[in-house]
Structures are given as structure tokens and as C-alpha cells.
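Here is what each chain is made of, one letter per residue.
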Amino acid sequence: MTEPTRNPSAAERPIEGALWSPKVGTEWTRLEKRIRDAESISHEELERLRASSLEILARSTPPAAGSNSRTGLVLGQVQSGKTMSFTGVTALARDNGFR
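The following paragraphs examine the structure supplied in this document. (Residues numbered from 1 in each chain as written. Predicted model: local features only at pLDDT ≥ 70, side-chain atom pairs only at ≥ 80, totals over all residues. Heavy atoms only, no water.)

**Looking at the packing of helix α1 (residues 26-38) against helix α2 (residues 43-58)**
Test applied: Fitted lines through C-alpha atoms give the axes, limited to the stretch in contact for helices. The angle between two N-to-C directions lies from 0 to 180 degrees. The helix count covers DSSP runs of H or I at least four residues long, the strand count covers runs of E at least two residues long, and both are numbered beginning at the N terminus. Any angle that is under 35 degrees is reported as roughly parallel, and any over 145 degrees as roughly antiparallel; angles of 65 to 115 degrees are reported as roughly perpendicular and all others as oblique. Handedness of a crossing follows from how the near helix is turned relative to the far one, being left-handed for an anticlockwise turn of less than a right angle and right-handed for a clockwise one. Contacts are residue-level and defined by heavy atoms, with any inter-residue pair within 4.5 Å sufficient. Side-chain classes are defined by residue name, with Ala, Val, Leu, Ile, Met, Phe, Trp, Tyr, Cys and Pro counting as nonpolar, Asp, Glu, Lys and Arg as charged, and the others, Gly among them, as polar.
Packing of α1 against α2 brings their axes to within 11 Å, and their N-to-C directions diverge by 150 degrees. With respect to α2, the element α1 is oriented roughly antiparallel. Every pair of crossing elements has a handedness; the one defined by α1 and α2 is right-handed. From α1, W28, E32, I35 and R36 reach across to α2, where they touch H43, L46, L49, R50 and S53. Its residues assigned to classes, the contact of α1 with α2 shows four nonpolar, two polar and three charged.

**Some thoughts on the packing of aromatic side chains**
This is how the line gets drawn: Ring pairs are drawn from Phe, Tyr and Trp, using the six-membered ring of Trp, whenever the two centres fall within 6.5 Å, and their geometry is named by plane angle: stacked under 30 degrees, edge-to-face over 60, tilted for the rest. Three labels apply to residues, based on accessible area from a 1.4 Å probe with only protein chains included: buried if under 20% of the type maximum, exposed if over 50%, partly exposed otherwise in between.
A complete count under the given rule lists one aromatic pair for this structure. Between W20 and F98, the ring centres sit 6.0 Å apart and the planes meet at 50 degrees, which makes this aromatic pair tilted. On the criterion of sequence distance, the pair formed by W20 in the segment before α1 and F98 in the segment after α3 (82-95) is long-range, its members being 78 residues apart. Accessibility expressed as a relative area gives 15% for W20, which makes it buried.

Structural data, given as C-alpha cells:
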């Protein structure tokens, strides 16, 4: 019996311009639970947050690269989710060995 095909979620799709492939771990899982418990955010919005956080981190310097750095800029409207995005990227960074 063959398994039904499905469209991968945004977090599972290959990331254009990625320098490496970050993984989701316990820090992200803990953050996701806190967001679900405390915020009025839909499943789709949480999925978009996860995908965009993975995309941002994948385009950054990998943790194994040592002291290399890349600079980026975040722009957005007031109350558009910049802080939540920073928080998501930070959780994923901890999951992937950044200190």
C-alpha cells in the first residue's frame, strides 16, 4: 500500500539561500507551547513563525563556523511580529548550538 502524498508544510520545504539546515528542538518546542498557552495565535500563524524563524537561521552563519558573523536588518510595522520573530530565531539558535 502506498502512502498518500501530501504537501510539505512551509517549515519542511527547502530554503532558498540556506547556508545550513537548522533543526527544531526542545527550546522551540517549549516556546511553541508557551505561545499557544498565552497568545491568541492560530495554528497557521504559528506555522508561519516557525518557517520564517527556520529560514532566517538557515541564512545565518552556521554555529560550527566559529566566529564568523553576518549582519541583517529587521524592518516592520508596529505590532507586526518582530519581537516574536526574534524570540523564535533565538529559541532555534539555542536548539542548534549557538551560545
